[in-house]
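Spelled out, the chains give:
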Amino acid sequence: LLFYGGLLFSNELVNFSQEIFRQGAPLRWLFPLLLTSLPYILGMVLPMAAVLGGLLGTQALSQSSELVAARGLGVGVRTILKPWAYLAAGLVIVAYVNSHFLIPAMHRLEASMKQRMTEEAKTNFLKPGAPPRVIPTSPEHALWVSPEGAIHVMEATPQGIQHLRATRFAWVLEMTDGSPASIVLKMNDLDGSIWSPSQHSVIHIHQASQDLRFALPPSKHLFQTTRGRFLQTSALLRQGTPAARVEIAQRISLPLATAALLLLGITLGFGHPRFQGGGAVLKSLG
């Protein structure tokens, strides 16, 4: 668990840090977000930890001739395998509870945390009277909030320069399946002007509403969030969509893989003490 889980945990640490810095949110959100990823990391790591545990256990017994001595004393195969069978059953139960209950709950909590983090980042990023801020992912846009609370959006492109002012606005984080998350600036009651260098003219505009979308860089999480991961298994069964069936299959197959790989690791670990081939870690990686 520590060997494989540490690898995945360090990857999530880097990715969550990047998300926080890109949004300009406080670093205090890093540790809570990492905690919400632990159940999913556990679900992915348990099969790998099981095969390594089975290999290490039986390989150690074989190399120290404990199995040879046990068989010489009349200990049968059933007696040797019974503890492993109990362990496999226990791991299936733990993995089942984790995949069907803990993972959906933690994903809902993670989504709620990210929304609150975005609201807090908005407070820091769009502070009234603060200097203008350039959007890191969209350098042609700059934002400034006046002391009165109106937001000013400046856009400079080769096609022209635009200045918009809105009295009411909302800063929303949007996440959809299969696409990177984005920040949407929803503005209402806005007016402004556009200057076109090709026409050498200024156009004054007034609109009831306008949305500006700033795509965040795609995250490199090993476990991309899908809509079905937030739902309970009973809700997925009622949906019956291909995406729901894939999520259900994953929740069923990972616990069973934990037991199957544990028993596979045990069989690979058995051997004669004089003829051990390969290390346990190399076999489990294979």
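Up top is the structure these notes are about.
Remember, predicted model here, so these are calculated numbers, not experimental data.

Conventions used here
Residues numbered from 1 in each chain as written. Predicted model: local features only at pLDDT ≥ 70, side-chain atom pairs only at ≥ 80, totals over all residues. Heavy atoms only, no water. Helix = DSSP H or I, 4+ residues; strand = E, 2+ residues; numbered from the N terminus. Buried < 20%, exposed > 50% of the residue type's maximum accessible area, 1.4 Å probe, protein only. Polar contact = N/O pair within 3.5 Å; in protein donor to acceptor, adjacent residues only side chain to side chain. Contact = heavy atoms within 4.5 Å. Pairing = 2+ DSSP bridges.

Undergrad: I'm lost on the side chain of R251 in this one. Help?
TA: Tracing the backbone shows R251 in helix α6 (residues 242-269). Note on R251: relative accessible area 3%, which makes it buried. From its side chain, R251 meets the backbone oxygen of L231 in a polar contact 2.8 Å long. Other than its neighbours up to four places away in sequence, R251 contacts S99, H100, P104, G228, R229, L231, Q232, T233 and L236.

Undergrad: Help me understand the pairing of strand β4 (residues 160-174) in this model?
TA: One face of the sheet, then the other: side chains in a regular strand alternate in exactly this way. As defined by bridge partners, strand β3 (residues 151-157) adjoins β4 across 7 bridges and the pair is classed as antiparallel. Looking at the pairing, T157 lines up with G160 of β4. From the end of β3 to the start of β4, which pair antiparallel, there are 2 residues. With 13 bridges connecting them, β4 and strand β5 (residues 182-196) associate as antiparallel partners.

Undergrad: Help me understand unusual backbone geometry, please; the structure alone is not making it clear to me.
TA: Note on backbone geometry: most residues besides glycine have negative phi, and most peptide bonds are trans. Phi is positive for S65, which is not a glycine, with a value near 65°. Of note, S65 is situated in the loop between α2 (30-63) and α3 (66-72). At D189, a position not held by glycine, the phi torsion is positive, near 55°.

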